[in-house]
Amino acid sequence: MQTALIIGSGPGAAGAALALTADPTQQVTVVDVGHGLEAELQEVRQHLASTDEAAWSPGDVKRISHQPVAAKGAALPQKRAFGSDFPFRDVGQLAGIHPVGQANGSVVSGAYGGFSNVWGAQLMPFSRATFDRWPVSSTDMDPHYRTALDEMTLAGDEDDLAELFPLMVEGRRLPPLADRTMRVLARYDTHRADVRSRGITIGRARLAFRADECTRCGLCMTGCPHQLVYSASHTFDRLRAAGRVTYRPHLLAVRLSEEDGVASVVVRHTDTGATERLTADRVFVACGGIGTTRLVLGSLERFDRPVTLQESVQFVMPTLSARPGADPRTARNFTLNQFNLLYDHTGEGLDLCQVHFYDYNPAFLASLPGPMTAPRAEPLLAAFLRRVSVGLGYVPGWGAPGVRVTARRNGADALPVLEVDRDGADGWPPMLRGLARAMLQVAPALDLWPVLPMTAVSAAAKSYHFGGSFPHGTERTPTSTDRQGRLAGWDRIHLVDASVFTSVPATTFTLTIMANAHRIASEALGSRS
Amino acid sequence: MTAAPRPAGDDGPRPVVAVTGATGYLGSILEDAFHAVGYDVRRLVRTVRPGTSDRAFTLGAAVEPAVLDGVDVLVHCAYDMTLTRRTDIWETNVFGTVALLDAAVAAGVRSTVAVSSMSAYPGTRQLYGRAKLDTELAALARGMRVVRPGLVYGPAWGGMAGTLRKLATLPVLPDFGPGAHQFTVHEDDLAAAVVAVARAERLPGVPVGIAFPDPLPFRQLVTALAVGQGRPAPRFVPVPPTAASAALRVAESLGLPLPVRADSLLGLVRPAPVVANVDVLTGLGVSPRPFDARVGTDVPGSAAVDPGAGSHR
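Residues numbered from 1 in each chain as written. Chains lettered and ligands numbered in written order. Predicted model: local features only at pLDDT ≥ 70, side-chain atom pairs only at ≥ 80, totals over all residues.

Side note on the overall build of chain B
Scanning chain B from N- to C-terminus turns up nine helices and 13 strands. Compactness check: chain B gives a C-alpha radius of gyration of 19 Å against a globular reference of 20 Å for 313 residues, within 12% of the reference. Based on the C-alpha atoms only, the size of chain B along its principal axes is roughly 55 × 40 × 40 Å. (Helix = DSSP H or I, 4+ residues; strand = E, 2+ residues; numbered from the N terminus. Rg over C-alpha atoms; globule rule 2.2 N^0.38 Å.)

Below you can see the structure in the form of structure tokens.
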């Protein structure tokens, strides 16, 4: 038997695990901080999942559906999962991470399943033009995308977005879309030539979502009680139940090394503080873009030299329509992303901005000023909610300042101190201005008017779409990896998360992390010695 | 992009190439070229000639599935240049192309070549270029081949080269500044390149530029065209491209007949910076020649252009 050790349990780790466990000669161990949802909240979730919705207690629903809370420097508040902040909570993995200014400090998850417990569940591959600039082609990626899509359960339909982002697998049908979304899509169909000629394409959401089982209870954004929205923890639950992985929680990886053909990981027990050295034939590192960067910089003792990660900078753009739709509060809708807008700056399918549009969910009310939700303002509130959608958008990583991280020495067998900062000025990236112009041009056709004064750009590392600290290149160097995620000097340690992305486009992120990790692990098995 | 068309010249039935836009300048060149290497050519045209293998096809209209029955290679040249409104351009040229490409997939056409343009380059503001970029994306997404010919010239002197050649006989012409240039390709080189692209076993999924790789400044091009016809070189008067474009748009809105459309002018004054992916063409054994304005004429002398003279590289 060959031994493989995976660090982490997020989407990158899940991708690697899928490839490794498909090979019966691999003995796979996962080490993870592995913090989970509080037991009492888990009980409430399970109770709701096993109970008819008509019998749900309002108190139970309230306990597991806490709305997002405002976060420093974020255009978007921080989500909660089943009423808990466990995906963001510091259980040791954030100690020593120092955000500068408005930068995000909660950049490494200690949760079982990582940040996929709170992700937006959007599923699209990177464009062909993106991979034209990688040492890995889109053709190389296709089978791995298919594996990841099958694992995550794609819900989505064939539409204009498929021109740039093929579906690749047969998706489940989305539940009925919200009234406002249907109106926008209908106007897009009517004015398609005009809108497309401005570089804008619109299509339905593509989601990692068992859509055919959806009861439209409306709790998607705070945690689906039926667990229909994919989390990497689902993959590990399945692999553990099948006996294909050994899962070791409460372990924080603090150092990597490789000597004489043996890869080693020093882990710290988060409950006792004791350290332990684990060895394996191969190690797959999936601590997330910044988590992996920190671990590698400390292991290689690269201190005091800033490293810049590309970040697909996030913005929030409210939109209004002149013509009102139905009052969304009376409708039963799923509340994940409903439709997507793509803007192609240059026309070659590369410099794409993407905006995911959300129709009403209770977080809208929570974000409004108090007077608007007062009983006497009800007519005003209704008029507003019948016209508003919120766009959550992204700009390509090469079109905006990145995230600069600097590791500082922090003693033996300890992760380095890490400063996290914006590598440039915050504010509107030029590509966002181009998108805004194009959206104004098509606003009359779509009846979708961006509210530019209320458009807000998030501070550094808030998007969670960052990577490329050790990008795939044509050869291994101390700062770039080969197509198997290996740095110079490491033959058996593979970085498999977004830290190895050659670039970070604005299109959806997590699917490519999982697919690329699956590719790396598959190719590593193919080349094992 | 691995679809390999049946090679010509064996003892079996001759392979069939369908050509859209076959009545146009490029289409007629390619029709002859494929015929010369052993293909049966099926012209997809608006007006079918009785007694021929022509099939009825109108870009932007529904594609009759039968028009591509038995076709091995599809070469798509058609583009309606009469349209000026962006919605009409997209409805007809972009969505019409997508419908044709889908029909080619459904018909099992083994190799499709979408003829784009050097005007299609990232960031172009020309509607023609943007529309061509959209069709390129559609073709590449379907694993098809895309070529971007430069300014095509040859003994027939058709298309934009023919228009410029006529304009070159005027005594005074606008000078749009040092940034205005073109990449040129001789008809024969274009024909050889498209045939090679269509017949290649495997190609990278990128647009293939077909032109001599050194840019030819607009002034030098027009001067050569005049001299090539035995005429004196025209005088050039500096004209801001924006002013010229605005004047052409006004004239277009008034319905005046124009030798060059405002949108085409953008292609002349803000052209592609380089010939895309020339290495792919070189790998196929095709190397376009430098420009020579004397082709198809009896005029002696030097209207050939020094290959290095216009180089910005």
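Looking at the overall build of chain A
Each helix and strand counted, chain A has 13 helices and 22 strands in total. For a compact globule of 529 residues, the expected C-alpha radius of gyration is about 24 Å, and chain A comes in at 22 Å, within 12% of that figure. For chain A, the spread of C-alpha atoms along the three principal axes comes to 70 × 50 × 45 Å. Per-residue burial for chain A yields a buried fraction of 55% across its 529 residues. (Buried ≥ 20, exposed ≤ 12 C-beta atoms within 10 Å, placed from the backbone.)

Here we look at the interface of chain B and chain A
It is common to report an interface's size as the accessible area lost on association of the parts. Contact with chain B, which involves 19 residues of that partner, is made by 13 residues of chain A. Only helix H2 (86-107) and helix H3 (127-141) of chain B provide two or more residues apiece to the side of chain B that touches chain A. When grouped by side-chain class, the residues that make up the side of chain B that touches chain A number 11 nonpolar, four polar and four charged. (Contact = placed C-beta atoms within 7 Å. Nonpolar A, V, L, I, M, F, W, Y, C, P; charged D, E, K, R; others polar.)

Details of the packing of helix H7 (residues 241-253) of chain B against helix H8 (residues 262-269) of chain B
All names here are of chain B. Orientation of H7 relative to H8, taken along the N-to-C sense of each, is 160 degrees, at an axis distance of 8 Å. Of the possible angle classes, the one that applies to H7 and H8 is roughly antiparallel. At the point where H7 passes H8, the crossing takes the right-handed sense. Between H7 and H8, the contacting residues are Pro241, Ala244, Ser245, Leu248, Arg249 and Glu252 on the first element and Ala262, Leu265, Leu266 and Val269 on the second. (Axes fitted to C-alpha atoms, helices over the stretch in contact; angles between N-to-C directions. Parallel < 35°, antiparallel > 145°, perpendicular 65-115°, else oblique. Left-handed = near helix turned anticlockwise from the far one by under 90°.)

Section: helix H4 (residues 159-167) of chain B
All names here are of chain B. Of all the positions in H4, only Met160, Ala161, Leu164 and Arg165 are classed as buried. Seen end-on, H4 carries its buried residues on one side only, within an arc spanning 140 degrees. Structurally, H4 contributes buried residues whose contacts are with strand S7 (151-153), helix H6 (218-228) and H8. (Arc of directions from axis to C-beta.)

Here's the deal with the environment of Pro207 of chain B
Residues and elements named next belong to chain B. With respect to the helices, strands and loops of the structure, Pro207 is situated in the loop between helix H5 (187-199) and strand S11 (208-210). Separated by 54 residues in sequence, Pro207 and Arg261 have C-alpha atoms that sit 25 Å apart. When sequence neighbours within four positions are dropped, the list of residues in contact with Pro207 reads Ser116, Glu136, Val146, Arg148, Ala276 and Asn277.

Side note on helix H13 (residues 510-526) of chain A
Look at H13 of chain A: 24 Å from first C-alpha to last across 17 residues, which is about the 24 Å you get at 1.5 Å a residue. In terms of burial, H13 of chain A is largely enclosed, as 14 of its 17 residues are buried. (Expected span 1.5 Å × (residues − 1).)

Remarks on the sheet that holds strand S1 (residues 2-7) of chain A
All names here are of chain A. Taking strand neighbours across the sheet as the criterion, the five strands line up as S7-S2-S1-S11-S22 in an open arrangement whose pairing is parallel. Of all the strands in the sheet, the pair left with one neighbour each is strand S7 (245-248) and strand S22 (493-495). Each adjacent strand pair in this sheet contributes to an overall mean axis angle of 20 degrees, direction not counted. In this structure, strand S11 (residues 282-285) lies alongside S22, joined through three bridges in parallel fashion. The partner of Phe284 across the bridge, within S22, is His494. The sheet strands contacting helix H1 (residues 11-21) are S1, strand S2 (26-31), S7 and S11, and the helix crosses S2 at an angle near 160 degrees. (Pairing = 2+ DSSP bridges.)

Some points on the nonpolar core
One finds Ile6, Ala16, Ala17 and Val285 of chain A together with Val75 and Val194 of chain B to be the most contacted residues of the largest nonpolar core, which totals 250 residues. Of the residues forming this core, the biggest block, nine residues, is contributed by H5 of chain B. Once residues lying within four places of it in the same chain are set aside, the contact partners of Ala16 of chain A are Ile6, Phe284, Ala286, Val496, Ala517, His518, Ile520 and Ala521 of chain A. Core analysis: the next-biggest nonpolar cluster, separate from the first, contains seven residues, Trp90, Leu127, Tyr128 and Ala131 of chain B among them. (Core = buried A, V, L, I, M, F, W, Y, C linked by C-beta atoms within 7 Å.)

A few points about the environment of Ser137 of chain A
Residues and elements named next belong to chain A. Following the sequence through the fold, Ser137 ends up in the loop between helix H4 (128-131) and helix H5 (138-152). Residue Ser137 is classed as partly exposed on the basis of its C-beta count, with 13 C-beta atoms lying within 10 Å. For the pair Ser137 and Ala438, spaced 301 residues apart in sequence, the C-alpha separation works out to 30 Å.

Remarks on the sheet that holds strand S3 (residues 55-56) of chain B
All names here are of chain B. Sheet architecture is open: seven strands sit in the order S3-S2-S1-S4-S5-S6-S11, paired in parallel fashion. Pairing within the sheet leaves two strands with one partner each, and these edge strands are S3 and S11. With three bridges joining them, strand S6 (residues 145-149) and S11 adopt parallel strand pairing. Following the sheet pairing, Val147 is matched in S11 by Val208. The strands touched by H5 are strand S4 (73-76), strand S5 (111-115), S6 and S11; relative to S6, the strand with the most contacts, the crossing angle is about 170 degrees.

What about the packing of H2 of chain B against H3 of chain B?
Residues and elements named next belong to chain B. Relative to each other, H2 and H3 sit at 20 degrees, their axes nearing to 10 Å. With respect to each other, H2 and H3 are oriented roughly parallel. Crossing handedness for the pair H2 and H3: right-handed. Across the interface between the two elements, Arg86, Ile89, Trp90, Asn93, Val94, Thr97, Val98 and Leu101 of H2 pack against Leu127, Ala131, Asp134, Thr135, Ala138 and Ala139 of H3. By residue class, the composition of the contact of H2 with H3 is nine nonpolar, three polar and two charged.

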